[in-house]
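Results of the structural survey
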Amino acid sequence: GENVEQHPSTLSVQEGDSAVIKCTYSDSASNYFPWYKQELGKRPQLIIDIRSNVGEKKDQRIAVTLNKTAKHFSLHITETQPEDSAVYFCAASRNGGATNKLIFGTGTLLAVQP
Amino acid sequence: DAMVIQNPRYQVTQFGKPVTLSCSQTLNHNVMYWYQQKSSQAPKLLFHYYDKDFNNEADTPDNFQSRRPNTSFCFLDIRSPGLGDAAMYLCATSRRRQANTEAFFGQGTRLTVV
């Protein structure tokens, strides 16, 4: 089955700096890669996703890159703000039939220091 | 507006005493998932429903069962909770179509076993 590794487990940056979180996956058939942000005590919420037919996607300060050959994808947050502080999870899934099963990475605790 | 609602937010149960967690959705999604999230770990998929079709993960203990009486509701039954079952339990939904694979999470139920 799919296995997703995520690094680093914790990341501390100064406000305004960039943050990069990296994930690798094992199943070459995976074709959907979302990133979720989970604030303390709250539900995971999708912040950006990428499908295997593109290499990069941007949404304001957030971008995700995908390298299918190497089976890794990364989250990039620019101009970080204190409200970006949260746990970030990457995930991977393959669309088999009518459902997709998200397999999550172990999470990265991002702390943005004011 | 809450789209995936989990009740209760906090549940305390005694060791070995059956407990049921509930999830409801207003999105009319075909797929409903149950994840277990232990402290500082990634959400781990327990099982999911595609409509009424139940799909169990191979490593989900027999102690965990689920019911989905209709599209809107899904229940997680833990027959004999052990101390190791203390965790956050997250319910999520997604649409049937592969093009819409975002998973929407509830706020979770934190289960404590005493």
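Let me begin by describing the structure that accompanies this report. (Residues numbered from 1 in each chain as written. Chains lettered and ligands numbered in written order. Predicted model: local features only at pLDDT ≥ 70, side-chain atom pairs only at ≥ 80, totals over all residues. Heavy atoms only, no water.)

Attention now goes to the side chain of B:D85. All names here are of chain B. In this fold, D85 is placed in the loop between β8 (73-78) and β9 (87-94). Buried within the structure, D85 lacks any salt-bridge partner; its nearest side chain of opposite charge belongs to K38, at an N-O separation of 5.7 Å. Within polar-contact distance, the side chain of D85 engages the side chain of N63 at 3.3 Å. At 2.9 Å, the side chain of D85 forms a polar contact with the backbone nitrogen of G82. If near-sequence neighbours (up to four positions away) are discounted, D85 is found in contact with Q36, N63, F64, I78, S80 and L111. (Helix = DSSP H or I, 4+ residues; strand = E, 2+ residues; numbered from the N terminus. Buried < 20%, exposed > 50% of the residue type's maximum accessible area, 1.4 Å probe, protein only. Lys, Arg positive; Asp, Glu negative; His and termini not counted. Salt bridge = Lys/Arg side-chain N within 4 Å of Asp/Glu carboxyl O. Polar contact = N/O pair within 3.5 Å; in protein donor to acceptor, adjacent residues only side chain to side chain. Contact = heavy atoms within 4.5 Å.)

All names here are of chain B. Per the counting criterion, the structure on display carries 6 salt bridges over all chains. The salt bridge partner of D59 is K44, with a shortest N-O separation of 3.3 Å. Placement of the pair is D59 in the loop between β6 (53-56) and β7 (64-67) and K44 in strand β5 (residues 44-50), with a sequence separation of 15 residues. Classification of D59 as exposed rests on a relative accessible area of 52%. Judged by relative accessible area, K44 falls into the partly exposed class, the value being 33%. Taking the shortest distance from any N to any O, the salt bridge between D77 and R67 comes out at 2.7 Å.

Next up on the list: the sheet that holds strand β6 (residues 56-59) of chain A. Residues and elements named next belong to chain A. As summarised here, the arrangement of the 5 strands in space is β1-β3-β8-β7-β6, forming an open sheet in which the pairing is antiparallel. Only two strands of the sheet have a single neighbouring strand rather than two, namely β1 (4-7) and β6. When the angles between neighbouring strand axes are averaged without regard to direction, this sheet yields 15°. Two strands pair when backbone bridges link them, and strand β3 (residues 19-25) and strand β8 (residues 72-77) are joined in this way by 6 bridges, in the antiparallel orientation. (Pairing = 2+ DSSP bridges. Axes fitted to C-alpha atoms, helices over the stretch in contact; angles between N-to-C directions.)

This part takes up the interface of chain A and chain B. Between chain A and chain B, the residue contacts involve 19 residues of the former and 27 residues of the latter. Interface of chain A and chain B: buried area, both sides summed, is about 2000 Å²; carbon and sulfur atoms make up 50% of it. Seen at the junction of chain A and chain B, the total is 0 salt bridges. Contributing elements (two or more residues each) for the side of chain A that touches chain B: β4 (32-38), β5 (45-51) and β11 (99-100) of chain A. For the side of chain A that touches chain B, the leading source of residues is β4(A), giving 3 residues. When the residues that make up the side of chain A that touches chain B are grouped by side-chain class, the tally is 8 nonpolar, 8 polar and 3 charged. (Buried area = accessible area lost by both parts, 1.4 Å probe. Nonpolar A, V, L, I, M, F, W, Y, C, P; charged D, E, K, R; others polar.)

Turning to the sheet that holds strand β1 (residues 4-7) of chain B, a few remarks are in order. Residue and element names in this part refer to chain B. In spatial order, the strands read β1-β3-β8-β7; together these 4 strands make up an open sheet with antiparallel pairing. Whereas interior strands pair on both sides, the edge strands pair on one side only; in this sheet they are β1 and β7. Recorded for the sheet is a direction-independent mean angle of 20° between the axes of neighbouring strands. Sheet analysis places β7 next to β8, joined by 4 bridges and oriented antiparallel. From the neighbouring strand, R67 faces β8, where its bridge partner is F75.

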